[in-house]
Amino acid sequence: MSSATLSIDLDAIAANWRALDRMTDPATQTGAVVKADAYGLGADRIARALAGAGARRFFVAVAEEGAVVRKALGPGPQISVFSGHMAGDTDMIRDLDLTPMLNSVDQLTRHMETLSGHPFGIQLDTGMNRLGMEADEWAAVAGIVMQAGPELLMSHLACADEPDHAMNAQQLATFEDLTRGTGIPRSLSATGGILLGPDYHFELTRPGVGLYGGLPFEAARPAVRLSLPVIQTREVLAGETVGYGNTWTAEIDSTIATVSAGYADGVFRVLGNNATLWAGDVPCPVVGRVSMDLITADVTHLNEVPDTLDLLGPHQTIDDLGTAAGTIGYEILTSLGARYQRRYAGGGA
Ligand SMILES: *Cc1c(COP(=O)(O)O)cnc(C)c1O
């Protein structure tokens, strides 16, 4: 067995959902964002674990992802689609009972013409300028929409991970202006917005990354461990080099472990000479470049080289690795490779 193992702790993910749920008023529902295959961790298993924890509303990016989640959950839980009602999605939306978040008058028209009476929500743009109807568009169709009875009015914060950013209050005010007095359930906050406090909670929240142990939810339980098998160890003499391009030279006689994972598995090349693997509690620096399938680490200081070295685990979170790679935990998670053996623990796994 030389492929790496990605261990996913479903109990930690369920606990993170409950912790985020407790941060809001009991009348505020807590949804769960499982787009991008639940941030790379496996939408089917994770949706089921979250449903077990009490989640009833799930969000995906595109209708095809909704199909996976519906298959995992069966009828009942609501599955909303951020990209709305795209041409070609009509059959899926109807047959799988998905709830599109309509983003434009075009999408609204398509929905009314093809699936009149089928549940939908409306996504409003409050300044991020990514998805959703603009204020004037909304003003033009709000009457028609209200007659049809949307399930949800939602928007998305651009700067929620920066609590002091003026954009937060500005978007909040705009969202309130656009939705005041509608009596329709509203949702503004993802993980970051939940942490901004009750003004931002409305009737439904939509956490994603916090469920999976990522910032800005600092109190999150880590949910993943990535263990890379050691394929070979070798002695390298002082002055010898390791890896492509000879980018690392041994200063002293050294022991080098070669482990199974590389940039084809989402271990970004920028982590060459710039990341740490862990032998239990002991750090082992990555030396030399990251190859497509292999990474080399300096294990000279270990008394015994273990069978695996961890890239993600208790000593190195997705955000730690993100920082080392010049990115964010979200990108680390969603880049986790298809070659890893995914092992699930907890959650009745
Ligand atoms: C991805 C996404 C979320 C979840 O965001 P996190 O920061 O991962 O909690 C919520 N709402 C929308 C519209 C999104 O695109």
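So, here's what we can say about the structure. (Residues numbered from 1 in each chain as written. Predicted model: local features only at pLDDT ≥ 70, side-chain atom pairs only at ≥ 80, totals over all residues. Heavy atoms only, no water.)

## Looking at the environment of tyrosine 244
And step 1. Tracing the backbone through its elements, the reader meets tyrosine 244 in the loop between strand E12 (241–242) and strand E13 (248–249).
And step 2. Overall, tyrosine 244 belongs to the exposed group, its relative accessible area being 59%.
And step 3. Once the C-alpha coordinates of tyrosine 244 and serine 291 are considered, the two residues, 47 residues apart in sequence, prove to be 7.7 Å apart.
And step 4. Sequence-distant contacts of tyrosine 244, defined by excluding residues within four places in its chain, comprise Arg289 and Ser291. (Helix = DSSP H or I, 4+ residues; strand = E, 2+ residues; numbered from the N terminus. Buried < 20%, exposed > 50% of the residue type's maximum accessible area, 1.4 Å probe, protein only. Contact = heavy atoms within 4.5 Å.)

## What to know about helix H6 (residues 105–115)
And step 1. Taken residue by residue, H6 has Gln107, Leu108, His111 and Leu115 as its buried positions. Angular distribution of buried residues about the axis of H6 spans 100°; they occupy a single face of the element. Exposed residues lying more than 90 degrees from the buried face of H6 are Asp106 and Glu113.
And step 2. In the core, the buried residues of H6 are packed alongside helix H5 (90–95), strand E6 (98–102) and helix H7 (135–148).
And step 3. Looking one or two residues past H6, glycine 117 carries a phi angle of roughly 95°, positive in sign. (Arc of directions from axis to C-beta.)

## Brief notes about the layout of surface pockets
And step 1. Estimates place the volume of the largest pocket at around 730 Å³.
And step 2. For the largest pocket, the lining is made up of 31 residues, of which His156, Leu157, Ala190, Val209 and Tyr330 are closest to its centre.
And step 3. Going through the elements one at a time, helix H2 (35–40), helix H9 (191–195) and helix H11 (329–334) are the ones with two or more residues in the lining of the largest pocket.
And step 4. Residues that form the lining of the largest pocket fall into these classes: 18 nonpolar, eight polar and five charged. (1 Å grid on protein atoms, 1.4 Å probe; cavity = no way out; pocket = protein on both sides within 12 Å on 5 of 7 lines; lining within 4 Å. Points joined across faces, edges and corners; volume = space filled by probe spheres on them. Nonpolar A, V, L, I, M, F, W, Y, C, P; charged D, E, K, R; others polar.)

## A closer look at the site of the ligand
And step 1. As a structural note, the neighbourhood of the ligand is formed by 14 residues, with Lys35, Tyr39, Thr191, Val209 and Tyr330 the closest of them.
And step 2. A distance of 3.0 Å separates a nitrogen atom of the ligand from a polar side-chain atom of arginine 206.
And step 3. The contact in question runs from an oxygen atom of the ligand to an N or O atom on the side chain of tyrosine 330, over 2.6 Å.
And step 4. Relative to its unbound accessible surface of 390 Å², the ligand loses 92% to contact with the protein.
And step 5. Most atoms of the ligand, that is more than half of them, are within 2 Å of grid points of the largest pocket.
And step 6. Residues belonging to the shell around the ligand are distributed by class as follows: eight nonpolar, three polar and three charged. (Near = heavy atom within 4 Å. Polar contact = N/O pair within 3.5 Å; in protein donor to acceptor, adjacent residues only side chain to side chain. Areas by Shrake-Rupley, 256 points an atom, 1.4 Å probe, with all protein chains shown as cover. Sits in = over half its atoms within 2 Å of the grid points.)

Interpretation note: all reported values are geometric properties and have no functional meaning in isolation.
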